[in-house]
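Inside the fold
Read off the chains here:
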Amino acid sequence: LSLREWAAHAGVRPEELSRGFRRHFGTSPKLYRLEARSRRAWQKILGSTQTLTAIAHEYGFADLAHLSRSVRALTGAPPSAWRAATATAALTESD
């Protein structure tokens, strides 16, 4: 759902919706949506053996680089580091 469609459904102008959203949530609708998508992809990275490229496409990122930038911005580490940490933890638990 685009901001324009959401605003039309709510009966307000897109600018009003965006300002109200920012006032309430402290971020823009676009950034909020990106962070939510990044968070879902990050959770998938932690709990899946699916390739990072496949996860990037599943969650609507243009490519792996786009996913990597978003996950790093969210968590401070790239997806490859999270994948490696998850694999290390799994090996430690199986010992």
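Throughout what follows, the structure given in this document is the object of discussion.

Rules of the game
Residues numbered from 1 in each chain as written. Predicted model: local features only at pLDDT ≥ 70, side-chain atom pairs only at ≥ 80, totals over all residues. Heavy atoms only, no water. Core = buried A, V, L, I, M, F, W, Y, C linked by side-chain atoms within 4.5 Å. Buried < 20%, exposed > 50% of the residue type's maximum accessible area, 1.4 Å probe, protein only. Helix = DSSP H or I, 4+ residues; strand = E, 2+ residues; numbered from the N terminus. Salt bridge = Lys/Arg side-chain N within 4 Å of Asp/Glu carboxyl O. Contact = heavy atoms within 4.5 Å. Expected span 1.5 Å × (residues − 1). Phe/Tyr/Trp six-rings, centres within 6.5 Å; stacked < 30°, edge-to-face > 60°. Lys NZ or Arg CZ within 6 Å of the ring centre and 35° of its normal.

Counting 9 residues, the largest nonpolar core is built from A41, I45, L52, I55, A56, Y59, F61, L67 and V71. Of all the elements in the fold, those that place two or more residues in this core are α3 (29–47), α4 (52–58) and α5 (64–75). Of all the elements, α4 adds the most residues to this core, at 3 residues.

Turning our attention to the pattern of salt bridges. On inspection of all chains with the given rule, the structure shows 3 salt bridges. Across the pair R13 and E15 runs a salt bridge, and its minimum N-O distance is 3.6 Å. Notably, a salt bridge pairs K44 with E58, separated by 3.4 Å at the nearest N-O pair. Of this pair, K44 sits in helix α3 while E58 is found in helix α4, placing the two residues 14 residues apart along the sequence. Linked by salt bridges that have partners in common, R13, E15 and E16 make up one network.

Our next topic: the side chain of S38. As for its placement among the helices and strands, S38 is situated in helix α3. Residues in contact with S38, not counting those within four places in the same chain, are F61, S70, V71 and L74.

Turning next to helix α2 (residues 14–25). The end-to-end C-alpha distance of α2 is 16 Å, a good match for the 16 Å that 12 residues give at a rise of 1.5 Å each. Residue G26 follows α2 closely and has a positive phi angle near 75°.

This brings us to the packing of aromatic side chains. Within this structure, the stated rule accounts for 5 aromatic pairs. With centroids separated by 5.8 Å and ring planes inclined at 75°, the aromatic side chains of W6 and F21 adopt a geometry described as edge-to-face. Remark: F21 occurs in helix α2 and W6 occurs in helix α1 (residues 3–10); sequence separation between them is 15 residues. Plain terms: the ring middles of W42 and W82 are 5.2 Å apart, the flat faces sit at 70° to each other, and that makes the pair edge-to-face. Here W42, found in helix α3, pairs with W82, found in helix α6 (residues 79–94); they are 40 residues apart in sequence, far enough to count as distant. In this structure, R37 packs its charged tip against the face of F61, placed 4.4 Å from the ring centre.

Mapped onto the elements, A7 comes out in helix α1. Exposure remark for A7: the relative accessible area of 0% places this residue in the buried category. Considered as a pair, A7 and S68 are 61 residues apart in the sequence and their alpha carbons are 31 Å apart. Leaving out residues up to four positions away in the same chain, A7 has contacts with V12, R13, P14 and L17.

Without other data, these values stay purely geometric and don't point to any function.
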